[in-house]
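# Remarks on the overall topology
Below, each chain spelled out in residue letters.
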Amino acid sequence: MDMVPQMRVGDGESPRGESLPVVVVLDTLRSAYNTGNIFRLAEAVQAQAIYACGYTPCPPHAKLAKTARGCDKTVPCRHFDQATEALGELKAQGYTIYGVDTVVGAQCYWEADLRFPAAFVLGNEALGISPGALALCDAFLQLPACGRKNSINVGNCAGVVLFDALRQYRRQSSSAGIQENLV
């Protein structure tokens, strides 16, 4: 019997619906491949934008594009010389700023009740979030690490945090009686 491939949920070109009120702030990420992966994640949850700060690769960029697989063309991106500039702008617009980092006192992401609109700051793979950006965060989230290393790959971390943000936003929207347009 011949199997006819079926379209999966999310396949094909679809216009961006209502976006998840989240901005991803990338504070001096080194890897274009990690950055491209985060573009794919941001597109999957329909995040509003990515703010690439410092030397974080941003479109157009060949290595980023390879991993982003077209999402670098659909997810809005802005570049800032410093993460503090991006965070100052987001704070002025009423965003709650969450630093995703292993700092002392960071709350486990699954115990946090997120407030939207939200911005998630993800730091350099080796150095973490810059001191100036840390000072502007309203709260800190962490992923528990039970192994010898205290952190995981920044792209993997972004995936966990962004999909939990989507879950929480949908739950809050349903509870508030807000119609959801997110797929």
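Residues numbered from 1 in each chain as written. Predicted model: local features only at pLDDT ≥ 70, side-chain atom pairs only at ≥ 80, totals over all residues. Heavy atoms only, no water.

Structurally, the position occupied by Phe-39 is in helix H1 (residues 32-45). What makes Phe-39 buried here is its relative accessible area of 0%. Along the sequence, Phe-39 and Ala-49 sit 10 residues apart, while their C-alpha atoms lie 9.0 Å from each other. Setting aside chain neighbours within four positions, we find Phe-39 in contact with Ile-50, Pro-59, Leu-64, Ala-68, Cys-71, Asp-72, Val-75 and Cys-77. (Helix = DSSP H or I, 4+ residues; strand = E, 2+ residues; numbered from the N terminus. Buried < 20%, exposed > 50% of the residue type's maximum accessible area, 1.4 Å probe, protein only. Contact = heavy atoms within 4.5 Å.)

A few words on the packing of aromatic side chains. Scanning the entire structure with this criterion turns up four aromatic pairs. Taking 5.2 Å as the distance between ring centres and 70 degrees as the angle between the ring planes, the aromatic pair formed by Phe-116 and Tyr-169 counts as edge-to-face. You can see Phe-116 sitting in the loop between strand E5 (107-108) and strand E6 (118-123) and its partner Tyr-169 sitting in helix H6 (residues 154-175), a full 53 residues away along the chain. One exposure class covers both Phe-116 and Tyr-169, and it is buried. Directly above the aromatic system of Tyr-51 lies the positively charged group of Arg-78, at a separation of 5.3 Å from the ring centroid. (Phe/Tyr/Trp six-rings, centres within 6.5 Å; stacked < 30°, edge-to-face > 60°. Lys NZ or Arg CZ within 6 Å of the ring centre and 35° of its normal.)

Cis rather than trans, the peptide bond between Pro-59 and Pro-60 has omega equal to -5 degrees. Within the element layout of this structure, Pro-60 appears in the loop between strand E2 (47-53) and helix H2 (62-68). Of note, the amide linkage connecting Phe-116 to Pro-117 takes the cis form, showing an omega dihedral of 0 degrees. Note that Pro-117 resides in the loop between E5 and E6. Even without glycine at this site, Arg-69 takes up a positive phi of about 50 degrees. If you trace the backbone, Arg-69 turns up in the loop between H2 and helix H3 (71-74). Residue classification places Arg-69 among the exposed residues on the basis of a relative accessible area of 63%.

Attention shifts here to the confidence of the model for the protein chain. A residue-level look at the protein chain finds 87% of positions with pLDDT of 70 or above and a mean pLDDT of 90. Scored below 50 in pLDDT, residues 4-9 makes zero contacts in the model with residues more than four places away or belonging to other chains. Counted against residues more than four places away or in other chains, residues 11-16, with its pLDDT under 50, gives seven contacts. (pLDDT = per-residue confidence, 0-100.)

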